[in-house]
Amino acid sequence: APLLDTSNATLAAKVFTPDDVFAGTPIPSPVLIYDDDHYYMGGALAEALRRKGLEVLLVTPATKVSEFTDMTMEQHRIQSGLHKLGVQVFTNTEIAAVHSVGSGLIVGLKNLYSDKVAPQQCQSVLMVTMRDPSDALFMALQEREAEWVGAGIRSVQVLGDAYGPGTVAAAVYAGHRAARELDAPELPLDQVPFKRELIAIEPASAD
């Protein structure tokens, strides 16, 4: 059976996304947040909902909460802050199944190392996972490629969140790189458009 059967209207009504939170949709408590994004979003939503008085459980297959924030030196403060607020944290854990039971949900939580599945009751699940690219415009232009030459268009490139949703920093980098490489000659597949320092260690001379 699929992990989340979206054809089941009763179940689908209890599963939410970050967009629902931002839109002000009421999230029933207790809420189980499944964070497979590993950046700031899962931890931020857990804190925000907990401060609103909801009982919050944060589940992640990573070894720690918001694991990627190690890169920005925020991880320790995020996880310790959630513990102080009373958020229940489950690391090294993934969702095995979600079932609608009565007015709530039963979520099967599977430990990554033991494969042991433990049932967890909640009223809603908030999925912080992969986002879909918004590439409709790019795909529409690709279908009209035969018209490019007549319109003076040499090429059409997709980048940023249209190519693959990511961080703000990644989107800024993609835009900056596209501007720098605009009209540049196409490089062979094994070359990169920037210089790299290659360190070579040689034995000292016998002098």
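Conventions we followed
- Residues numbered from 1 in each chain as written.
- Predicted model: local features only at pLDDT ≥ 70, side-chain atom pairs only at ≥ 80, totals over all residues.
- Heavy atoms only, no water.
- Helix = DSSP H or I, 4+ residues; strand = E, 2+ residues; numbered from the N terminus.
- Rg over C-alpha atoms; globule rule 2.2 N^0.38 Å.
- Buried < 20%, exposed > 50% of the residue type's maximum accessible area, 1.4 Å probe, protein only.
- Contact = heavy atoms within 4.5 Å.
- Lys, Arg positive; Asp, Glu negative; His and termini not counted.
- Charge placed at Lys NZ, Arg CZ, Asp CG, Glu CD.
- Pairing = 2+ DSSP bridges.
- Axes fitted to C-alpha atoms, helices over the stretch in contact; angles between N-to-C directions.
- Salt bridge = Lys/Arg side-chain N within 4 Å of Asp/Glu carboxyl O.
- Polar contact = N/O pair within 3.5 Å; in protein donor to acceptor, adjacent residues only side chain to side chain.
- pLDDT = per-residue confidence, 0-100.

Here the focus is the overall build of the chain. If you tally the helices and strands in the chain, you get 6 helices and 8 strands. Each helix and strand of the chain, ordered N terminal to C terminal, gives the series α-β-α-β-α-β-α-β-β-β-β-β-α-α. Taking 207 residues into account, the globule formula puts the C-alpha radius of gyration at 17 Å, and the chain, at 23 Å, lies well above it. Projected onto its principal axes, the C-alpha coordinates of the chain cover approximately 70 × 65 × 35 Å. Taking all 207 residues of the chain together, the buried fraction comes to 27%. If you take every contact in the chain between residues at least 6 apart in sequence, the share linking residues at least 24 apart comes to 58%. Averaged over its 16 positive side-chain charges, the chain has a centre that lies 8 Å from the centre of its 26 negative ones.

So, on to the sheet that holds strand 4 (residues 88-90). With parallel pairing, 5 strands are arranged side by side in an open sheet as 1-8-2-3-4. Each edge of the open sheet is held by one strand with a lone partner, namely strand 1 (15-16) and strand 4. In terms of strand pairing, strand 2 (residues 31-35) meets strand 3 (residues 56-59) through 4 bridges, oriented parallel. Bridging from a neighbouring strand, Val31 pairs with Val56 of strand 3. Taken strand by strand, helix 3 (residues 40-51) contacts strand 2, strand 3 and strand 8 (124-128), and its axis lies near 165° from that of strand 2.

We now examine the side chain of Asp35. Tracing the backbone shows Asp35 in strand 2. It turns out Asp35 is buried and unbridged, and the closest side chain with the opposite charge, Arg131, is 10 Å from it. At a separation of 3.1 Å, a polar atom in the side chain of Asp35 contacts the main-chain amide nitrogen of His38. Those residues in contact with Asp35 that sit more than four places away from it in its chain are Gly42, Gly43, Leu58, Val59, Thr60, Pro61, Ser66 and Val128.

Time to look at the confidence of the model for the chain. Considering every residue of the chain, the mean pLDDT works out to 89; 96% of them sit at 70 or more. For the chain, the element scoring lowest by mean pLDDT is helix 1 (residues 9-12), at 79; strand 3 scores highest, at 98.

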